[in-house]
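# Structural overview for review
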Amino acid sequence: MEKRTVNPWKWQDERSYSQAVEVKNATSTLYCSGQAAIDPDGTSSDKDMKSQLMQAIANLEEVITAAGYEYKEIVRLNIYTTSTQELWPDFPVLQEWIAKHQIEQAVTMLEVNGLFETLKVELEATVVK
């Protein structure tokens, strides 16, 4: 797989994403459903935003690993949250995870009226190899 990021500006670098990601010669693509702070028994978290974000990341990692992909192969990440204002102070948690795994991805963040049950944040990814 060949991956090329397209960034006509520099301002997005501090925000841990790319304006576009081009993929050539991919052998397979994994489309991950939104991963949120749901325990293995199916119980939705009622914890704070930071805790839910950390569990959503862990659940996304679990899906990607189980499918035989690597985190650095993420090319698209969609973030859904019930409050961007509440998420923003904890955003460095996500940025550190992105940097740690050298992920270069296009991203969209959306504030939504609600997520399933008590959930506050959900991560949806596209991964290629």
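Relevant structure appears above.
A short tour of the structure in this document, coming up. (Residues numbered from 1 in each chain as written. Predicted model: local features only at pLDDT ≥ 70, side-chain atom pairs only at ≥ 80, totals over all residues. Heavy atoms only, no water.)

## Some remarks on the overall build of the chain
Short version of the rule: Think of it this way: any DSSP run of H or I at least four residues long counts as a helix, any run of E at least two long counts as a strand, and we number them from the N terminus. A radius of gyration in this sense is built from C-alpha atoms; the matching globule rule multiplies 2.2 Å by the number of residues raised to 0.38. Each residue's exposure class comes from its accessible area (1.4 Å probe, protein chains only) as a fraction of the maximum for that residue type: buried when under 20%, exposed when over 50%, partly exposed otherwise. In what follows, a contact means two residues having at least one pair of non-hydrogen atoms within 4.5 Å. Each accessible area is a Shrake-Rupley result for a 1.4 Å probe, and residues are judged covered by the shown protein chains and nothing else.
A count of helical and extended segments in the chain gives three helices and seven strands. Taken from N to C terminus, the helices and strands of the chain fall in the order β-β-β-β-α-β-α-α-β-β. Rg of the C-alpha trace for the chain: 14 Å, near the compact-globule value of 14 Å for 129 residues, within the 12% margin. Principal-axis analysis of the C-alpha atoms gives the chain an extent of 40 × 35 × 25 Å. Here the chain holds 129 residues, and the buried ones make up 40% of them. Taking the contacts inside the chain whose residues are at least 6 apart along the sequence as the reference set, 75% of them involve residues at least 24 apart. Counting every atom, the chain has about 7500 Å² of accessible surface; 47% of that belongs to carbon and sulfur.

## Some remarks on the packing of aromatic side chains
Defined as follows: Only Phe, Tyr and Trp rings are paired, with Trp represented by its six-membered ring, and only when their centres lie within 6.5 Å; those with planes under 30 degrees apart are stacked, over 60 edge-to-face, the remainder tilted.
Taken as a whole and assessed by the stated rule, the structure comprises four aromatic pairs. With 6.0 Å between their ring centres and 25° between their planes, Trp9 and Trp11 make a pair best called stacked. Trp9 sits in the partly exposed class, given a relative accessible area of 46%. The interplanar angle of 70° and the centroid separation of 6.4 Å between the aromatic rings of Trp11 and Tyr17 together place this pair among those described as edge-to-face.

## With respect to the pattern of salt bridges
Our working definition: One side-chain nitrogen of Lys or Arg within 4 Å of one carboxyl oxygen of Asp or Glu is enough to make a salt bridge.
Following the criterion strictly, the structure yields three salt bridges and no others. In this structure, Glu22 and Arg4 form a salt bridge, with 2.8 Å as the shortest nitrogen-oxygen distance. Here Glu22, found in strand β2 (residues 20-24), pairs with Arg4, found in strand β1 (residues 2-6); they are 18 residues apart in sequence, far enough to count as distant. Given the relative accessible area of 46%, Arg4 is considered partly exposed. Across the salt bridge formed by Lys72 and Glu70, the nearest N and O atoms sit 3.8 Å from each other. By relative accessible area, Lys72 is classed as partly exposed at 43%. For Glu70, a relative accessible area of 42% gives the class partly exposed.

## Remarks on the packing of helix α1 (residues 49-66) against helix α3 (residues 91-100)
For the record, the criterion: Axis lines are fitted through C-alpha atoms, for helices just across the contact stretch, and the angle between N-to-C directions can take any value from 0 to 180 degrees. An angle counts as roughly parallel when it lies under 35 degrees, as roughly antiparallel when it exceeds 145, as roughly perpendicular when it falls between 65 and 115, and as oblique in every other case. Take the far helix as the reference: if the near one is turned anticlockwise from it by less than a right angle, the crossing is left-handed, and if turned clockwise, right-handed. Put simply, Ala, Val, Leu, Ile, Met, Phe, Trp, Tyr, Cys and Pro go in the nonpolar bin, Asp, Glu, Lys and Arg in the charged bin, and everything else, Gly too, in the polar bin.
Between α1 and α3, whose axes approach to 9 Å, the crossing angle comes to 25°. By the angle between their axes, α1 is roughly parallel relative to α3. Viewed along their axes, α1 and α3 form a crossing whose handedness is right-handed. Taking contact as the criterion, the partners of Lys50, Leu53, Met54, Ile57, Leu60 and Glu61 in α1 are, on α3, Val93, Leu94 and Trp97. Broken down by class, the residue content of the contact of α1 with α3 amounts to seven nonpolar, no polar and two charged.

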